Amino acid sequence: MGFFGAVRQGRKDDAELGKGLWRRAHDRFHRGLDRYHQVLEGVEDEQLYVELVVIANELAGLSSRVRAVCVEAQLRAPSDGLDIPGSLAGVHRALSKAGNSLATTAEAAAMLRLAVGPVPVGAISVRRRAEAVYEHVDEAERLLRAQADSQRPEE
């Protein structure tokens, strides 16, 4: 993406995600993905690299889901600051945990990259940490749906 593409994307993000809490949650997740992909660049063991790339692709697939949660949360509780709206506190907590888990997943991949000699168990530790990311994104989506359901008038 060139300079103008980045500017357009930034404006789109401002419009959809705001400049507050939900934007920060979204951006933190993307920084974690970027960090994970940076770690991949230094992996020399081909089998380990393949395992880590599969995990990277799966984590990248969560990106659109995280964005959708953040966009919907911004629609329901617009944020231009860092105050967490009480009605969506659980959603924010789950997104924060997803970002933290993604950072530890990248850290686990980095530790494997630095391992001396072949890694006997492959990327199991990275997979385990990645599963926590999936769980937290699932939780954020579930809480957002539950909050929407609680807002609907009963018939």
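As a reminder, the structure under discussion sits directly above these lines.
What counts, and at which threshold
- Residues numbered from 1 in each chain as written.
- Predicted model: local features only at pLDDT ≥ 70, side-chain atom pairs only at ≥ 80, totals over all residues.
- Heavy atoms only, no water.
- Salt bridge = Lys/Arg side-chain N within 4 Å of Asp/Glu carboxyl O.
- Helix = DSSP H or I, 4+ residues; strand = E, 2+ residues; numbered from the N terminus.
- Buried < 20%, exposed > 50% of the residue type's maximum accessible area, 1.4 Å probe, protein only.
- Core = buried A, V, L, I, M, F, W, Y, C linked by side-chain atoms within 4.5 Å.
- Contact = heavy atoms within 4.5 Å.
- Axes fitted to C-alpha atoms, helices over the stretch in contact; angles between N-to-C directions.
- Parallel < 35°, antiparallel > 145°, perpendicular 65-115°, else oblique.
- Expected span 1.5 Å × (residues − 1).
- Arc of directions from axis to C-beta.
- Polar contact = N/O pair within 3.5 Å; in protein donor to acceptor, adjacent residues only side chain to side chain.

Trainee: So what's going on with the pattern of salt bridges? Which residues, and what values?
Mentor: Taken as a whole and assessed by the stated rule, the structure comprises seven salt bridges. Its salt-bridge partner being Asp27, residue Arg23 comes within 3.1 Å of it at the nearest N-O pair. Highlighted residues: Arg23 and Asp27, both in helix α2 (residues 21-40), separated by four residues, approximately one helical turn. Judged by relative accessible area, Arg23 falls into the buried class, the value being 16%. We classify Asp27 as partly exposed; its relative accessible area is 24%.

Trainee: A description of the nonpolar core should follow, citing residues and the corresponding values.
Mentor: Within the largest apolar cluster, 41 residues are counted, with the highest numbers of intra-cluster contacts made by Phe29, Tyr36, Leu52, Leu59, Leu95 and Val126. Broken down by element, this core gets its largest block of residues, 10 residues, from helix α5 (residues 89-113). The residues touching Leu59, leaving out its near neighbours within four places in the chain, are Phe29, Leu33, Tyr36, Leu102, Thr105, Ala130, Val133 and Tyr134.

Trainee: Residues and numbers for the packing of helix α3 (residues 46-61) against helix α4 (residues 63-76), please.
Mentor: For the pair α3 and α4, interaxial distance at closest approach is 4 Å and the crossing angle is 20°. Between α3 and α4, the interaxial angle falls into the category roughly parallel. Each of Leu59, Ala60 and Gly61 in α3 lies in contact with α4, whose residues at this interface are Ser63, Ser64 and Arg65.

Trainee: Summarise α3; cite the residues concerned and give the values.
Mentor: Under the 1.5 Å per step criterion, the end-to-end length of α3 is 23 Å for 16 residues, consistent within 8% with the ideal 22 Å. Within the sequence span of α3, burial applies to Leu48, Leu52, Ile55, Ala56 and Leu59. Mapping the buried residues of α3 onto a view down its axis gives an arc of 105°, with all of them on the same face. The exposed set on the far side of α3, more than 90 degrees from its buried face, consists of Glu46, Gln47 and Asn57. Of the surrounding elements, those touching the buried residues of α3 are α2, α4, α5 and α6 (124-151). Sitting at the amino-terminal end of α3 is Asp45, which places a side-chain oxygen 3.0 Å from the backbone nitrogen of Gln47.

Trainee: Kindly report on the side chain of Thr105, identifying the contributing residues and their values.
Mentor: Checked against the element boundaries, Thr105 lands in helix α5. A distance of 2.7 Å separates the side chain of Thr105 from the backbone oxygen of Ser101, its partner in a polar contact. The residues touching Thr105, leaving out its near neighbours within four places in the chain, are Tyr36, Leu59, Val126, Arg129, Ala130 and Val133.

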